[in-house]
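# A closer look at the structure
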Amino acid sequence: ADGQLFRMYCLKVVPKEFDGEGTAASPYLIRNKADLDKVFHAVDTELYDYTGTHFRVEGDIDFAGVQGFRGYSNTAPAYAFNGVLDGNGHTIRNLYINSASYPVGLFGYVKTGASVTKLGITGNVTTTNKSYGQAGGIAGYMERGPAVTKSWSSVNVTGSKHGGGIAGYTAGGS
């Protein structure tokens, strides 16, 4: 009423939990499953999608013995991983998912601007959901436009609706 203009800004502060800066030149370094868990705790719990943030896997990561895992980035498409993951030629080994949830895969959902490259994956992924079962090795559900390049899958995928070695379901020609 008095002619003053106020601006509000919302800043999200992400704790420094990784070596690197999260840029293309200096990506955050993922060395083990605990590091992956940290990234996806922020995605799944804090709803931080890491838009434009770069990560690089520094070695093979073994999921052997992990029980009850149903995939990272599985809250909803709007809160999916949207960063850049460079697998650096490494492999996620022994991924095991057997769930009535959907979508299931290393990533449940992968957002439009995300990129996964040079990542291998082995294991077994199963969804028992009869209506919307989407199961894939890397992603259960990919929105329109994410890129998965130079990657491979040797995952046994089982589902009643949509399934694939790389992605179970791709929206709009991903």
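Residues numbered from 1 in each chain as written. Predicted model: local features only at pLDDT ≥ 70, side-chain atom pairs only at ≥ 80, totals over all residues. Heavy atoms only, no water.

## A word on the sheet that holds strand 5 (residues 107–110)
One open sheet holds the 3 strands; their spatial order is 5-8-12, and the pairing between them is parallel. Every other strand in the sheet has two partners, leaving strand 5 and strand 12 (167–170) as the edge strands with one partner each. Direction aside, neighbouring strands of the sheet carry axes that sit 15° apart on average. Examined bridge by bridge, strand 5 and strand 8 (residues 139–142) share 3 bridges and lie parallel to one another. Note on strand 8: the bridge partner recorded for F107 is A139. (Pairing = 2+ DSSP bridges. Helix = DSSP H or I, 4+ residues; strand = E, 2+ residues; numbered from the N terminus. Axes fitted to C-alpha atoms, helices over the stretch in contact; angles between N-to-C directions.)

## Thoughts on the environment of F69
Among the structural elements, F69 can be located in the loop between strand 3 (61–62) and strand 4 (84–99). On the basis of relative accessible area, F69 is assigned to the buried category, the value being 11%. Separated by 95 residues in the primary sequence, F69 and G164 place their C-alpha atoms 19 Å from one another. Sequence-distant contacts of F69, defined by excluding residues within four places in its chain, comprise F63, L95, Y96, I97, G105 and L106. (Buried < 20%, exposed > 50% of the residue type's maximum accessible area, 1.4 Å probe, protein only. Contact = heavy atoms within 4.5 Å.)

## Things to note about the packing of aromatic side chains
Within this structure, the stated rule accounts for 15 aromatic pairs. Centroid distance F63 to F69: 5.3 Å. Interplanar angle 65°. Geometry classified as edge-to-face. One exposure class covers both F63 and F69, and it is buried. Here the aromatic rings of F81 and F107 are separated by 5.6 Å at their centres, their planes lie at 10°, and the arrangement is stacked. Within this pair, whereas F81 is found in the loop between strand 3 and strand 4, its partner F107 is found in strand 5, the two being separated by 26 residues in sequence. Accessibility classification places F81 together with F107 in one group, the buried group. The rings of F18, Y28, F40, Y48, Y50, F55, F63, F69, Y72, F81 and F107 are connected pair by pair, giving a single aromatic cluster. (Phe/Tyr/Trp six-rings, centres within 6.5 Å; stacked < 30°, edge-to-face > 60°.)

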